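Here are the chains, one letter per residue:
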Amino acid sequence: MLCLRNVLKNCLSARKTCSRNISALYITGDKATENYATLQPYMDFNGTFSDRQSLDQSISSRGLDIRLESVLAKYEQYKAHHAQLSKVAEERETVTKRLKVLTKSGGKADQLEELKERGKSLRNDLKILKQALYPIEDDFIHDYLHLPNLLHVQCPVGGEEKLLYRHGMPNSENKTPSHLARKELVHFVDNNRYYLMEQAAHFDVKAMQSLARYFVTRGDFIQTANPDFVRCVLLEANATPLSDYHLVQEEHLQNKINTAYLTGGASFESYLGAMTKLCVYPSVLPLRYVCCGRSYNRAEAQLYGPIPSLYTATQTNAVQSFVATQTASEADTQLEHILNLATDFYKAVDIPFRISYATAAALTPAESIRAVIEVYAPSLQRYVCVGRISNYGNFVSKRILFSTRREKHYDFLHLVGGPVLYTSRLIAALLEHGVRLEDCKLLGGISQKPSHQQDLQQFKDLFT
């Protein structure tokens, strides 16, 4: 198991010294001298504000501290200044064209001089208006980027989750000892460091590989390998709180506001770099990808405290899904497709689990709906999340410019995805349910009883 002590030490020191006053996703012209814009998101003002009632409901249901009236007032001010700027720019362009025509036709000197002076005056006015627009633009655009996605029609807006499927009923009469009592399988130091041994170590890898293989063979997914580090601009594009991941301290950072974060290859954000500014043909849709790797999301771990355990660990092996479709209805179909595959996997494991839609208050601003896969943890006497699949609509695609071309038009793609397995939490639940890991049935065709010859062959494969 990877030890993150040194990495976290650097992350904490970097967090103390690094302050973020501006966004990496949108940089106004006055700040472009020190920082450069890595990505310029598409901002659909008309589309966002066309259904104000739904937008206001999304804000209130999520419990966000956003006053839509204030954002709209800033939008009107932004439009007014932008219109004034455009008017002066057009007038200057007209004067420039007129000056060229008179120069070629041999106009009078006093006319040419008058047009030159008018052009200089308009140029100065344009500079003044641009400087005046920067703070207005900065104030409005960043408030606009904080607006959430619209909620899906099936997303629960009250305080209760919507149950979709349940397998098995938990026995909550007697509290079961924690999985940490199995010292021969789990050596737990803290939330950042733990070691899986013997069958637990085998299961940690085999479960991940089995589920990914099942997605490939039965779900028509393509397996990928993703980077463990993601730039801040992609986290902001996905509206991911920066506190969810560990900040990386870099010695030679060219763009000081576009810092790197340790997310792990099995994170939704790790897919976004490959999709940024990408335009695909409709014939290749839907795109279905699955990835095995690490996940370093520390926000989710805080839900199952305060006692540290595998349920609260900040790192785990995981299986991440990512799907892109052309329409909203196709995105709904793909979310159901992923849930069906995940249901098959967890039914084979055969411990109590359930799938439900999370409430609007639990969603990130980019999510329109989230389906949560939870297994029952006997020691906690509650369900814990081992996977979640979200529908983002075209909210994220507009920010990373991920599109498809239809005739002469470009449509932004609808994204669906999320981790379908956190291995560490599943192992903890299986141990507490008294399941022998070597006997646990896994879909995907990978044996859970590794022989000496298999271990030897895997070692040889590392050098071939």
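Residues numbered from 1 in each chain as written. Predicted model: local features only at pLDDT ≥ 70, side-chain atom pairs only at ≥ 80, totals over all residues. Heavy atoms only, no water.

Trainee: Hey, could you run me through the sheet that holds strand β13 (residues 382–393) in this one?
Mentor: As a general point, the strands of a sheet are linked pairwise by backbone hydrogen bonds and lie either parallel or antiparallel. The sheet built from eight strands is open, its strands ordered β1-β11-β12-β13-β16-β10-β9-β4 with mixed pairing. Two strands close off the open sheet at either side, each with one partner strand: β1 (162–167) and β4 (222–224). Neighbouring strand axes in the sheet, compared pairwise and without regard to direction, differ in orientation by 20° on average. As judged from the eight bridges shared by strand β10 (residues 316–325) and strand β16 (residues 414–422), these two strands associate in the antiparallel manner. Across the sheet, Q320 pairs through a bridge with P419, a residue of β16. The strands that helix α11 (residues 423–432) touches are β10, β12 (369–377), β13 and β16; relative to β16, the one it contacts most, it runs at about 40°. (Pairing = 2+ DSSP bridges. Helix = DSSP H or I, 4+ residues; strand = E, 2+ residues; numbered from the N terminus. Axes fitted to C-alpha atoms, helices over the stretch in contact; angles between N-to-C directions. Contact = heavy atoms within 4.5 Å.)

Trainee: I keep staring at the UniProt feature "binding site: ATP" (unreviewed entry) in the protein chain and nothing clicks. Help me out?
Mentor: Here the UniProt feature "binding site: ATP" (unreviewed entry) sits at R298, A299 and E300. For the largest cavity, the lining residues drawn from the annotated set are E300. Topologically, R298 is positioned in the loop between β9 (287–295) and β10. With relative accessibility at 18%, the residue R298 sits in the buried group. At 2.9 Å, the side chain of R298 and the backbone oxygen of S243 are in polar contact. When you line up the elements, E300 lands in the loop between β9 and β10. What makes E300 buried here is its relative accessible area of 12%. Those residues within four positions of E300 in sequence are excluded, and the remaining contacts are R388, Y422 and R425. (UniProt positions renumbered as here; feature names shortened; annotations may be inferred. 1 Å grid on protein atoms, 1.4 Å probe; cavity = no way out; pocket = protein on both sides within 12 Å on 5 of 7 lines; lining within 4 Å. Buried < 20%, exposed > 50% of the residue type's maximum accessible area, 1.4 Å probe, protein only. Polar contact = N/O pair within 3.5 Å; in protein donor to acceptor, adjacent residues only side chain to side chain.)

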